[in-house]
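# A structural walkthrough
Residue-level listing of the chains:
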Amino acid sequence: MNTGIRLRLSAMMFLQYFVWGAWWVPFGSYLMHLGLSGWIGAMFSAQGWAAILSSLFVGTIADRYFAAEKVVGVLHLLGSCALLALSFAQADPALVFTLTLAALAAYMPTLALSNTIAFHALSDTERQFPAIRVVGTIGWIIAGLIVGWLGAEQTTLPLRLAAAASALHGLYAFTLPTVPPSAGSGRAGITGILGLDAVRHGDRSFWSLIVCSLLLMIPLSFYYAYANPFLVTLGVNAAAGLQTIGQVSEVGLLLLLPLFLRWLGIKAVLLLGMLAWTARYGLFALGFDSVGPHMPMLLPALALHGVCFDFFLVAGQIWVDKRFPSETRGRAQSFLTLVTWGVGSIIGSLLANATYVAHSRPGQAGAGVTVVDWTGFWLIPSAMAAMVGVAFALSFRNTAAMPARPER
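Residues numbered from 1 in each chain as written. Predicted model: local features only at pLDDT ≥ 70, side-chain atom pairs only at ≥ 80, totals over all residues. Heavy atoms only, no water.

A tally of helices and strands in the protein chain yields 18 helices and 2 strands. Taking all 408 residues of the protein chain together, 53% fall into the buried category. Looking at the protein chain alone, contacts between residues at least 24 apart form 84% of all its contacts between residues at least 6 apart. Carbon together with sulfur atoms contributes 68% to the accessible area of the protein chain, which is approximately 17000 Å² in total. (Helix = DSSP H or I, 4+ residues; strand = E, 2+ residues; numbered from the N terminus. Buried < 20%, exposed > 50% of the residue type's maximum accessible area, 1.4 Å probe, protein only. Contact = heavy atoms within 4.5 Å. Areas by Shrake-Rupley, 256 points an atom, 1.4 Å probe, with all protein chains shown as cover.)

Time to look at helix 2 (residues 27-34). Burial analysis of helix 2 places 6 of its 8 residues in the buried class, which makes it a mostly covered element. If you check which residues of helix 2 are buried, you get Phe27, Gly28, Ser29, Tyr30, Leu31 and Leu34. Structurally, helix 2 contributes buried residues whose contacts are with helix 1 (3-23), helix 3 (40-44), helix 5 (68-86), helix 6 (93-121), helix 8 (157-173) and helix 11 (204-234). Gly35, located one to two residues past helix 2, shows a positive phi value of around 90 degrees.

All right, on to the pattern of salt bridges then. A full pass over the atoms with the stated rule returns 1 salt bridge. The partner of Lys70 in a salt bridge is Glu69, with the nearest N and O atoms 3.4 Å apart. The exposure class of Lys70 is partly exposed, given its relative accessible area of 45%. Given the relative accessible area of 2%, Glu69 is considered buried. (Salt bridge = Lys/Arg side-chain N within 4 Å of Asp/Glu carboxyl O.)

Take the packing of helix 1 against helix 5 next. Where helix 1 contacts helix 5, the axes come no closer than 13 Å and their chain directions differ by 15 degrees. In terms of orientation, helix 1 lies roughly parallel with respect to helix 5. Helix-helix and strand crossings are classified by hand; for helix 1 and helix 5 the assignment is left-handed. Facing Gln16, Val19 and Trp23 of helix 1, the residues of helix 5 in contact are His76, Leu83 and Leu86. (Axes fitted to C-alpha atoms, helices over the stretch in contact; angles between N-to-C directions. Parallel < 35°, antiparallel > 145°, perpendicular 65-115°, else oblique. Left-handed = near helix turned anticlockwise from the far one by under 90°.)

Turning to the packing of aromatic side chains, a few remarks are in order. Taken as a whole and judged by the stated rule, the model has 34 aromatic pairs. An angle of 80 degrees between the planes, with centres 5.7 Å apart, marks the rings of Tyr223 and Tyr224 as edge-to-face. Considered together, Tyr223 and Tyr224 belong to a single accessibility category, that of buried residues. Here the basic side chain of Arg160 rests over the ring of Phe88, its NZ or CZ set 4.4 Å away from the ring centre. Positioned over the ring face of Tyr223 is Arg280, at 3.9 Å from the centre of the ring. (Phe/Tyr/Trp six-rings, centres within 6.5 Å; stacked < 30°, edge-to-face > 60°. Lys NZ or Arg CZ within 6 Å of the ring centre and 35° of its normal.)

Enumeration over the complete set of coordinates arrives at 6 cavities of 30 Å³ or more. Size it by volume and the largest cavity reaches roughly 120 Å³. As for the largest cavity, its lining consists of Trp24, Val25, Trp140, Tyr223, Tyr224, Ala227, Asn228, Gln243, Gln247 and His305. A class-by-class count of the residues in the lining of the largest cavity yields 6 nonpolar, 4 polar and no charged. (1 Å grid on protein atoms, 1.4 Å probe; cavity = no way out; pocket = protein on both sides within 12 Å on 5 of 7 lines; lining within 4 Å. Points joined across faces, edges and corners; volume = space filled by probe spheres on them. Nonpolar A, V, L, I, M, F, W, Y, C, P; charged D, E, K, R; others polar.)

With that out of the way, let us pick up the environment of Pro158. Mapped onto the fold, Pro158 is located in helix 8. Taking C-alpha positions, Pro158 is 9.1 Å from Ile146, a pair spaced 12 residues apart along the chain. When near neighbours in sequence (up to four residues on either side) are disregarded, Pro158 contacts Ala22, Trp23, Pro26, Val147 and Ala152.

Examined against the element boundaries, Gly306 turns out to sit in helix 16 (residues 305-323). Taking relative accessible area as the criterion, Gly306 reaches 0% and is therefore assigned buried. Residues Gly306 and Ile245, 61 residues apart in the sequence, show an inter-C-alpha distance of 9.2 Å.

Further remarks concern the side chain of Ser166. In this structure, Ser166 sits in helix 8. With near-sequence residues (within four places) excluded, Ser166 lies in contact with Val19, His76, Leu77, Gly79 and Ser80.

Bringing helix 1 into the picture now. With 21 residues, helix 1 extends 31 Å from end C-alpha to end C-alpha; this agrees with the ideal 30 Å at 1.5 Å per step. Measuring from the side-chain oxygen of the N-cap residue of helix 1 to the backbone nitrogen of Gly4 gives 3.1 Å; that N-cap residue is Asn2. (Expected span 1.5 Å × (residues − 1). Polar contact = N/O pair within 3.5 Å; in protein donor to acceptor, adjacent residues only side chain to side chain.)

Turning our attention to the confidence of the model for the protein chain. This prediction gives the protein chain a mean pLDDT of 86; 87% of its residues lie at or above 70. Averaged pLDDT values for the elements of the protein chain fall to 62 in helix 10 (residues 196-199) and rise to 97 in helix 8. (pLDDT = per-residue confidence, 0-100.)

So, about a nonpolar patch on the surface. Taken together, the side chains of Ile138, Ile142, Ile146, Trp149, Leu150 and Leu157 present a nonpolar region at the surface, about 570 Å² in accessible area. With 5 residues, the top contributor of residues to the nonpolar patch is helix 7 (residues 125-150). Structurally, Ile138 can be placed in helix 7. (Patch = residues over 30% accessible without salt bridge, like charges linked within 9 Å, V, L, I, M, F, W, Y side chains within 5 Å.)

On to unusual backbone geometry. The phi torsion at Gln90 lies on the positive side, around 60 degrees, for a residue other than glycine. Positive phi is not limited to glycine here, since Ala238 has a value of about 50 degrees. Within the secondary structure, Ala238 sits in the loop between helix 11 and helix 12 (239-242).

Attention now goes to the nonpolar core. Membership of the largest hydrophobic core comes to 117 residues, with the highest contact counts inside it found for Trp20, Trp23, Phe27, Phe284 and Trp378. Excluding residues within four positions of it along the chain, Trp23 makes contact with Leu83, Leu86, Thr100, Ala103, Leu104, Pro158, Leu159 and Ala162. (Core = buried A, V, L, I, M, F, W, Y, C linked by side-chain atoms within 4.5 Å.)

Bringing the side chain of Ser213 into the picture now. Within the element layout of this structure, Ser213 appears in helix 11. We classify Ser213 as buried; its relative accessible area is 4%. Once you skip the residues sitting within four places of it in the chain, Ser213 turns out to touch Phe312, Leu336 and Thr340.

Dropping the structure here:
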């Protein structure tokens, strides 16, 4: 791979994740500022609906009838318009949810399609792709640092910054190496698109991972929806920028993950990833008092993101990749994504919303002020993650890979 291609693909990844990191992290704080604090989790459930729509769209249309880079370009331009409109939506819950869903429905398919563009241009994906993909995480980090440095978590700036970056990415995508459509591969049935045909022969260990992944996405959703509002409410300076500590640890632990898999084995790594959420939320629950935040507790909680994310989600993807034969591997991964980022994200976001409302009460300072029992709020997902970890430890066994099955 020549240097020019590497730089072009790296720029693509940078813009791809800069867009998401710029607005999604501080979005809960912005909703709180609008007076929609009781709707935060419901708004974040849009990510789950968008993930489900993305699976259907990519499987039936995007990668079968149109060049991938052109689809990415059009979707990012549409997403830019939705983000810009969202910045003007004010406090109308129905309108805000509709535009949030529109922005995410345009964005989520581009995650898989950007990987497709990169894979198509690389000669050795296992060796070359990680160095390109990590530039995307750097884009997310820089977006968070900009928003945090400007103290803009509760303003429209993150949405407009993301809209501008999405428009730039949309135009840039048309210059990327072309990936021709694959319409000649035949019609795709719904079971194939969702990966159901690939996983119907899964054994106890596979379904243990699937069920526990679904259940763990519920407490995980608490973090994505409410971590930034929590930090902002405590008075933490540059909260969005501080949260990028998690992405820095994610990069480091992703590079170390193969060593941990070799030393500890897949079951121990997955279990550590699950129990890390228990520890993280416990630190959140105890990481403040009436005086203010206790940074020696909150900083390690943020840094645990690498263990929480890499040791659970990434390690699970690796196990599925090795568990299934090559002809069904992609569809099995699609099913895992559908369960976690789709169904699990929807349930988790809505439950987080209900938990937040149950732990909130009007303050005494006047209308519009809400007092939240953050300790009680964070202890609930902490306990849930612990129970999922125990269930996983009792039910999962790392059995041998499934043999290839003849296609019918």
